Amino acid sequence: MKKEQMKNFLLSVFLGRRYLQLINVKEQVRYMTMNWIFMVAIFPLVILGITLVNADISRAIIDFGIAFLCLAALIMIRSKIPLKYVPVFPVTVFGAYCCYLLYLGDLDLWAAVWIFSFPPIVIFLCQMTVGVIESVLVLAASIIFIFTNISVITPDTEISIRFIGVYILILSLSVIYEWIGVLKDRKEMELMAELTSEKDMIQTMKDNINQGIFLMDKHLNILPQYSSTLITVLSYYDSDLAGKNFLDILRSSLDSKQLQVMKGYFNMIFGKDKSAKVLEAANPISEFEYKIDDDIKYLSTKFQLVEQSNKEPVVIGIVHDISREKEIEKELQSQKDVQETEMKNLFDVIKVDPHVFQNFIEDTETNFNNINSLLKDKSLTEKQVATKIFQYIHAIKSNALILDLETLAKKLHILEDEVKLISARDAVSTNDILGLAVKIEKLMQEMDSYIAVTKKISAYKTTNQMDKILVNTLSKAAERLSGELGKKVKVQVGFIDLGILESDLRKPIKDILNQCLRNSIFHGIETADKRIKKNKNPQGLLTFSIKKVDSKAEVMFSDDGNGLNWEKIKAKYMELNPGKPVDRKTLLGSIFLPEFSTADETSTAAGRGVGLSFIKDIIKENRGTISVNSTENGLTFKFIFPLSQVA
């Protein structure tokens, strides 16, 4: 700790506190170099100035001045001034000093050192643009002062050429070096941007994927690289999952034997001696019950070995919460079992004469009632009750076998064996009788399912005719009305859901379809000659369907007539509502108003403006909705009713 404090102290003295605040490595290097150049330059400039005090006071003052500028630059780089602005002024003055040395024609050792060091210093400190401009300016000044008579001393031509050549070489190398650095920085920035983007994308995927993904070392400890969903899936909110042992997290869900099996399984994975397909099939917790606190989840898991160069292999694990899928699976299985039972019962019942089966039901109910009476009779001992129950169950089973009710007979036989064992005991307890009562109750429910089957068969026999009755009623109505109006009409039936016709919607639907049919024949369907002129079939077509869509009852009615006559509707509306604004939506709503009719005269067929108003009232009473689509090729009504209205 003391060494670190001493290091920071020395750095703050020689480099300033600003250095400790820099994060970028290149900025730190540039800062250190800048600091070092200005610090080192002070001493030779002061020494050179002292030696020139007696010989050349003007040069001594210049040396002292540049040394002062270097000292000022040292102070500036420790301030809050942006680093890129700090070296510009002192370096520019330094370039002017180099030009001054050239003016004097002083190309001996000191002058050459200062001038040749200028390009790398200015390019490194002020970066490419400013550095190259100032270096070229000094080069131009060098050529002018060396090859003209402006300078105080004109050096030898060969020396001058070599001097200029060396300067250009150093300048070129400095530019090349800096440009390579710039290209390298750009490439690094591009790579960093790509890496950052990929990292962000991976993190986003990790955080949004609905599976828990994690890495695990050979000690089965979870590594820091895991998706946030893993915490939700495992319901592990106490602390960070990193470093937690995976099997420790599952300890409450697996017994000691299962935990040992899991350890062996992971040893197989890290052992790399089994194929991925074999390991996947051998996964002991591919699906398992996960217990956390008082909650139980169903999880699925997958594990895959990931090998890394120069690193220990790790296992990538995927954990998925399949609780909802399991619930749905159980529900489906339960429904399937119920359906299978109903089908078995249905086949059993179909084989039996209805009157015979009804007698069986009545006898069975009598026997069950007798059993209930036994259970309430306090005068009998438990053993006597068990014996009597055995007799009644045997009687019910015998009757079931006579009728070949195989499924019911098997269940009665199993219960009969249990009752026989209990009644054969020397002492029968109250708990024994209660256990039998529960099982008898289940058998009574089984009988209820048989009764339900018979009711469905009876209802089917009735409802199987309901669609025919509806179609026949509407067809007769269409035939009669079209005959009165001198039109030809055909009724075409689409799908009809018998379940909807069994519900309370049967009458409302029948009334709606009847009114729609009358409205279409009277207003929509044209006479045969008009239809021929329109290239239509002389016979008008009325279609309807009744079905379930999105858990709702949907009734569709269409005709291929001329659609709504908007001109007549508008004229009638303006007659009843003079001066009121009107649009297509208003006109459409008006046709459902009481006593609104576009008929020229009233007849037994239409003209009183009651039909569509009646439909609207029916829709409202049954919490339904209506939509209308009208074109020149016909009119379509769609009626939607909530499923609660459907049995």
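The structure this text deals with has already been given above.
What counts, and where the lines are drawn
For every chain, the first residue of the written sequence is number 1, and numbering continues from 1 onward in sequence order. Residue-level local features of this predicted model are given only where pLDDT is at least 70; pairs of side-chain atoms are given and counted only at 80 or more, and the full residue set underlies all totals for whole chains, interfaces and linings. Side-chain numbers here rest on the full set of heavy atoms in the structure, without hydrogens or water. The rule for pairing is simple: two strands pair if DSSP sees at least two bridges between them. Only DSSP runs of H or I with at least four residues qualify as helices, and only runs of E with at least two residues qualify as strands; both kinds are numbered from the N terminus onward. Between N-to-C directions, angles cover 0 to 180 degrees, with each direction set by a line fitted to C-alpha atoms, over the stretch in contact for helices. Salt bridges are identified by distance alone: a Lys or Arg side-chain nitrogen within 4 Å of an Asp or Glu carboxyl oxygen. Exposed residues in this analysis have more than 50% of their type's maximum accessible area, buried residues have under 20%, and partly exposed residues fall in between, with area computed by a 1.4 Å probe over protein chains only. Geometric relationships in this document are graded by angle, where less than 35 degrees denotes roughly parallel, more than 145 denotes roughly antiparallel, 65 to 115 denotes roughly perpendicular, and other angles denote oblique. By convention, the crossing between two helices is left-handed when the near helix turns anticlockwise from the far helix through less than a right angle, and right-handed when the turn is clockwise. Every residue pair with non-hydrogen atoms within 4.5 Å of one another is taken to be in contact. Basically, the charged four are Asp, Glu, Lys and Arg, the nonpolar ten are Ala, Val, Leu, Ile, Met, Phe, Trp, Tyr, Cys and Pro, and anything else, Gly included, counts as polar.

K.L.:
Is there a simple way to explain the sheet that holds strand β6 (residues 489–496) in this structure?
P.N.:
Hydrogen bonds between backbone atoms are what pair the strands of a sheet, whose relative direction is either parallel or antiparallel. Strands sit in the order β6-β7-β8-β10-β9 across an open sheet of 5 strands; the sheet is mixed. With partners counted over all chains shown, the strands left at the sheet margins are β6 and β9 (625–631), one partner each. Averaged over all adjacent pairs, the angle separating strand axes in this sheet is 10°, with direction ignored.

K.L.:
Help me understand the pattern of salt bridges in this model?
P.N.:
Proximity of charged atoms lets side chains of opposite charge pair with each other. Tallied over the full model, the rule gives 13 salt bridges. Across the pair Glu-329 and Lys-326 runs a salt bridge, and its minimum N-O distance is 4.0 Å. Placement of the pair is Glu-329 and Lys-326 together in helix α12 (residues 323–350), with a separation of 3 residues, close to one helical turn. When its relative accessible area of 47% is taken as the criterion, Glu-329 is described as partly exposed.

K.L.:
What is the right way to look at the packing of helix α17 (residues 466–485) against helix α19 (residues 506–524) in this model?
P.N.:
One way to put it is that α17 packs onto α19 with a least axis distance of 10 Å and a crossing angle of 25°. Relative to α19, the element α17 lies roughly parallel. Both α17 and α19 take part in a crossing whose hand is right-handed. On the side of α17, the interface is formed by Met-466, Leu-470, Thr-473, Leu-474, Ala-477, Ala-478, Arg-480, Leu-481, Ser-482 and Leu-485, while α19 contributes Arg-506, Lys-510, Leu-513, Asn-514, Leu-517, Arg-518, Ile-521 and Phe-522. The class makeup of the residues in the contact of α17 with α19 is 11 nonpolar, 3 polar and 4 charged.

K.L.:
Explain the packing of helix α4 (residues 57–77) against helix α5 (residues 88–103) to me, please; I cannot follow it from the model alone.
P.N.:
Pairs of packed helices are described in terms of their axes, by the angle between the two and the distance that separates them. Closest axis-to-axis distance for the α4/α5 pair is 9 Å, and the angle between their directions is 160°. As far as their axial angle goes, α5 and α4 are roughly antiparallel. Seen from above, α4 lies across α5 with left-handed handedness. Every residue of α5 that contacts α4 at Ser-58, Arg-59, Ile-62, Asp-63, Ile-66, Leu-69 and Ala-73 is listed here: Phe-89, Pro-90, Val-93, Tyr-97, Tyr-100 and Leu-101. Residue composition of the contact of α4 with α5, grouped by class: 10 nonpolar, 1 polar and 2 charged.

K.L.:
Would you explain the pairing of strand β3 (residues 287–292) in this entry?
P.N.:
The two faces of the sheet receive side chains in turn, since in a regular strand these alternate between them. Burial along β3 is one-sided: the residues Phe-288, Tyr-290 and Ile-292 are buried and none of Glu-287, Glu-289 and Lys-291 is. Across 6 bridges, the pairing between β3 and strand β4 (residues 295–306) is antiparallel. Bridged to Glu-287 within β4 is Ser-300.

K.L.:
Any chance you could explain the environment of Phe-116 here in plain terms?
P.N.:
Relative to the assigned elements, Phe-116 resides in helix α6 (residues 109–147). Using a relative accessible area of 19% as the deciding quantity, one classes Phe-116 as buried. Distance in space between the C-alpha atoms of Phe-116 and Ile-168 is 9.2 Å, their sequence separation being 52 residues. Discounting residues that sit within four places of it in the chain, Phe-116 has contacts with Phe-163, Val-166, Tyr-167 and Ile-170.

K.L.:
How should unusual backbone geometry be read in this particular structure?
P.N.:
The bulk of non-glycine residues show a negative phi, and the bulk of peptide bonds are trans. Positive phi, normally seen in glycine, also occurs at Lys-272, with a value near 60°. Along the chain, Lys-272 falls in the loop between α10 (256–271) and α11 (276–282). The exposure class of Lys-272 is partly exposed, given its relative accessible area of 47%. Of note in the backbone geometry, Ser-551 takes a positive phi value of approximately 65° without being a glycine. Checked against the element boundaries, Ser-551 lands in the loop between β7 (540–549) and β8 (552–559). By relative accessible area, Ser-551 is classed as exposed at 52%.

K.L.:
What is the right way to look at the pairing of strand β1 (residues 212–216) in this model?
P.N.:
By the alternation rule, side chains of β1 split into Gly-212, Phe-214 and Met-216, which are all buried, and Ile-213 and Leu-215, of which none is buried. Across 5 bridges, β1 lies against strand β5 (residues 314–321) in antiparallel orientation. Paired with Leu-215 across the bridge in β5 is Ile-316. One ladder, built from 2 bridges, connects β1 with strand β2 (residues 222–226); its direction is antiparallel. When the bridges of β2 are listed, Met-216 appears paired with Ile-222. Counted along the chain from β1 to the antiparallel partner β2, the turn is 5 residues long, and its residue Leu-220 has a positive phi close to 70°.

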